[in-house]
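Analysis of the macromolecular model
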Amino acid sequence: MKSKNYSLDIIASTSSFLCAIHCISVPVVLSFSSLNVLRFLDNQYLEWTFIIIGLFFVISSLWPCYKKEHRKIKPLLFASLGFVLILAGKLDFTEIWEISNTVIGSSFISLAHYFNWSILKN
């Protein structure tokens, strides 16, 4: 089971990190007029897909590890805080509000998987 969760944590951490990169880079890339063809990247469905994938990895990796392996709450707290920040960013106050909360939130989720991976490793 541990090797399965190692893989899930690595994949989940990577996907959360890619989410953060996506949220930082899309506004910058779209601001260049010659790259306006990349407007498809500014897509709510893509963002919600990242969120759902993140939830899937938390449910399939962090929760079982907490229940069956280590009983350390830190990864779950970081993941929860990350999702709260991402959802707060969806409140559409300003674009910088959404970007900031989403990047920080996805970074927290990525850290949660890293913490889980390091706890399982030790």
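The structure under discussion appears in the preceding block.
In this report, the structure presented in the accompanying data block is examined. (Residues numbered from 1 in each chain as written. Predicted model: local features only at pLDDT ≥ 70, side-chain atom pairs only at ≥ 80, totals over all residues. Heavy atoms only, no water.)

Looking at the nonpolar core
Note the cut-off: By nonpolar core we mean a set of buried residues, namely Ala, Val, Leu, Ile, Met, Phe, Trp, Tyr and Cys, connected to one another through side-chain atoms within 4.5 Å. Exposed residues in this analysis have more than 50% of their type's maximum accessible area, buried residues have under 20%, and partly exposed residues fall in between, with area computed by a 1.4 Å probe over protein chains only. For helices the rule is a DSSP run of H or I covering at least 4 residues; for strands it is a run of E covering at least 2, with both sets numbered from the N terminus onward. By the convention used here, residues are in contact when the closest approach between their heavy atoms is within 4.5 Å.
Ranked by size, the top nonpolar core spans 10 residues in total: Ile51, Val58, Leu62, Tyr66, Leu76, Ala79, Phe83, Ile86, Ile109 and Ala112. Of all elements in the fold, only α2 (44-70), α3 (74-89) and α4 (95-121) reach the threshold of two or more residues within this core. Those residues in contact with Ile86 that sit more than four places away from it in its chain are Ile51, Asn101, Thr102, Gly105, Ser106 and Ile109.

So, the pattern of salt bridges
Stated precisely, the cut-off is as follows: When a carboxyl oxygen of Asp or Glu lies within 4 Å of a side-chain nitrogen of Lys or Arg, that pair is called a salt bridge.
A full pass over the atoms with the stated rule returns 2 salt bridges. For Lys90, the salt bridge goes to Glu47, with nearest N and O atoms at 2.4 Å. Taken together, the positions of Lys90 in the loop between α3 and α4 and Glu47 in helix α2 put the pair 43 residues apart, joining distant regions of the chain. Accessibility assignment for this pair places Lys90 and Glu47 in one class, buried. Lys90 serves as the salt-bridge partner of Glu98, at 3.3 Å between the closest nitrogen and oxygen. Like Lys90, Glu98 is buried. If you follow the salt bridges from partner to partner, you end up with Glu47, Lys90 and Glu98 in one network.

Side note on the environment of Pro75
For Pro75, the position within the fold is in helix α3. By relative accessible area, which is 1% here, Pro75 ends up buried. Expressed as a C-alpha distance, the spacing of Pro75 and Trp63, which sit 12 residues apart in the sequence, is 9.1 Å. Once residues lying within four places of it in the same chain are set aside, the contact partners of Pro75 are Leu62, His70, Ala112, Phe115, Asn116 and Ile119.

Quick word on α2
Counting along an α-helix, one turn takes 3.6 residues, and residues three or four places apart therefore face a common direction. The line we're drawing: Consider a residue and the seven residues that end there alongside the seven that start there; fitting an axis to each set, the bend is the angle between those axes.
At Val58, α2 shows its largest kink, close to 30 degrees. Glu47, Ile51, Gly54, Phe57, Val58, Ser60, Ser61, Leu62, Pro64, Cys65, Tyr66 and His70 are the residues of α2 that are buried. Immediately beyond the C-terminal end of α2, within one or two residues, lies Arg71, with a positive phi of roughly 60 degrees.

Things to note about α3
To keep it simple, the criterion reads: Helix span, as expected, comes to 1.5 Å for every residue beyond the first.
The terminal C-alpha atoms of α3 lie 23 Å apart, and with 16 residues this matches the ideal 22 Å at 1.5 Å per residue to within 8%. Along α3, the residues that are buried comprise Pro75, Leu76, Ala79, Gly82, Phe83, Leu85, Ile86, Ala88 and Gly89. Close packing links the buried residues of α3 with α2 and α4.

Topic: the packing of α3 against α4
To keep things clear, this is the line we draw: For helices, the axis comes from a line fit to the C-alpha atoms of the stretch in contact; other axes are also lines fit to C-alpha atoms, and the angle between any two N-to-C directions lies between 0 and 180 degrees. For classification, angles of less than 35 degrees are called roughly parallel, those exceeding 145 degrees roughly antiparallel, those between 65 and 115 degrees roughly perpendicular, and all remaining angles oblique. Should the near helix be turned counterclockwise from the far one by less than a right angle, the crossing is left-handed, whereas a clockwise turn marks it as right-handed.
One can describe the packing of α3 onto α4 by two numbers: an axis separation of 7 Å at closest approach and a directional angle of 165 degrees. Overall, the two elements α3 and α4 adopt an arrangement that is roughly antiparallel. The element α3 and its partner α4 pack so that their crossing is left-handed.

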